[in-house]
Amino acid sequence: MAASGTTIYAGTDGSGAFLSTDSGASWTAIDSGLPGSSVYALAISGTNVFAATYNGGVMLSTDSGTSWTTFSNGLPTEQVISLAINGTNILAGTQYDGVY
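Residues numbered from 1 in each chain as written. Predicted model: local features only at pLDDT ≥ 70, side-chain atom pairs only at ≥ 80, totals over all residues. Heavy atoms only, no water.

> Pulling in residues and values, what's your account of the side chain of Gln79?
Summarising the element assignment, Gln79 is placed in the loop between β8 (69-70) and β9 (80-86). Note on Gln79: relative accessible area 14%, which makes it buried. Ignoring sequence-local partners within four residues, the contact set of Gln79 consists of Gly93, Thr94, Gln95, Tyr96 and Asp97. (Helix = DSSP H or I, 4+ residues; strand = E, 2+ residues; numbered from the N terminus. Buried < 20%, exposed > 50% of the residue type's maximum accessible area, 1.4 Å probe, protein only. Contact = heavy atoms within 4.5 Å.)

Structure (structure tokens):
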């Protein structure tokens, strides 16, 4: 889960990713274009949204989850389970291979 103001992004294990723009009162699916159906982690940096997906690595959306592109160059595609942003750096925690 990641939030910025009244905007909240939530990933699920099996049902994709969702967006709320009203502090969680209502939700919209935003997983079109995401590989698989599980989103283990989400992180926000400005207008960029990063998603750690099952078997798809890290994906990037620059339009609030409407479209997604692969961001995980050099990362294991099936083991990213956490994301964090520190300034201009994004950190990806993996299940078996440490932090990138």
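> How would you summarise the sheet that holds β8 if you had to cite specific residues and measurements?
If you walk across this open sheet you meet the four strands as β5-β6-β7-β8, and the pairing is antiparallel. At either end of the open sheet lies a strand with only one pairing partner, and these are β5 (39-45) and β8. When β5 meets strand β6 (residues 48-53), the two strands line up antiparallel, connected through six bridges. Looking across to β6, one finds that Ile44 is bridged to Val49. (Pairing = 2+ DSSP bridges.)

> Report on the sheet that holds strand β1 (residues 2-4), specifying residues and quantitative values.
Across a sheet, strands are paired by hydrogen bonds formed along the backbone, either parallel or antiparallel in direction. The four strands lie next to each other as β1-β2-β3-β4, forming an open sheet whose pairing is antiparallel. Where the open sheet ends on each side, the last strands, each with one partner, are β1 and β4 (28-29). Of the pairings in the sheet, the one linking β1 to strand β2 (residues 7-11) comprises three bridges and is antiparallel in character. Counted as the bridge partner of Ala2 is Tyr9 from β2.

> Could you give me a rundown of the packing of aromatic side chains, with the residues and numbers involved?
Applying the stated criterion across every chain, the model contains two aromatic pairs. With 6.3 Å between their ring centres and 80 degrees between their planes, Tyr40 and Tyr54 make a pair best called edge-to-face. Of this pair, Tyr40 sits in strand β5 while Tyr54 sits in the loop between β6 and β7 (57-61), and the two are 14 residues apart along the sequence. Residue class for Tyr40 comes out partly exposed when judged on its relative accessible area of 35%. Considering the side-chain rings of Phe50 and Phe71, the 4.9 Å spacing of their centres and the 65 degrees angle between planes classify their relative orientation as edge-to-face. Of this pair, Phe50 sits in strand β6 while Phe71 sits in the loop between β8 and β9, placing them 21 residues apart in sequence. Look at Phe50 and you get buried, because its relative accessible area is 7%. The exposure class of Phe71 is partly exposed, given its relative accessible area of 33%. (Phe/Tyr/Trp six-rings, centres within 6.5 Å; stacked < 30°, edge-to-face > 60°.)

> Let's hear about the nonpolar core: which residues, and what values?
Judged by nonpolar contacts, Ala2, Tyr9, Ala17, Leu19, Ile30, Leu34, Val39, Leu42, Val49, Ala51, Met59 and Trp68 together constitute the single largest core of twelve residues. Elements supplying a minimum of two residues to this core: β3 (17-20), β5 and β6. Setting aside residues no more than four positions away along its own chain, Ala2 makes contact with Thr7, Ile8, Tyr9, Leu42, Ala43 and Ile44. Membership of the second largest hydrophobic core comes to ten residues, among which are Ala52, Leu60, Val80 and Leu83. (Core = buried A, V, L, I, M, F, W, Y, C linked by side-chain atoms within 4.5 Å.)

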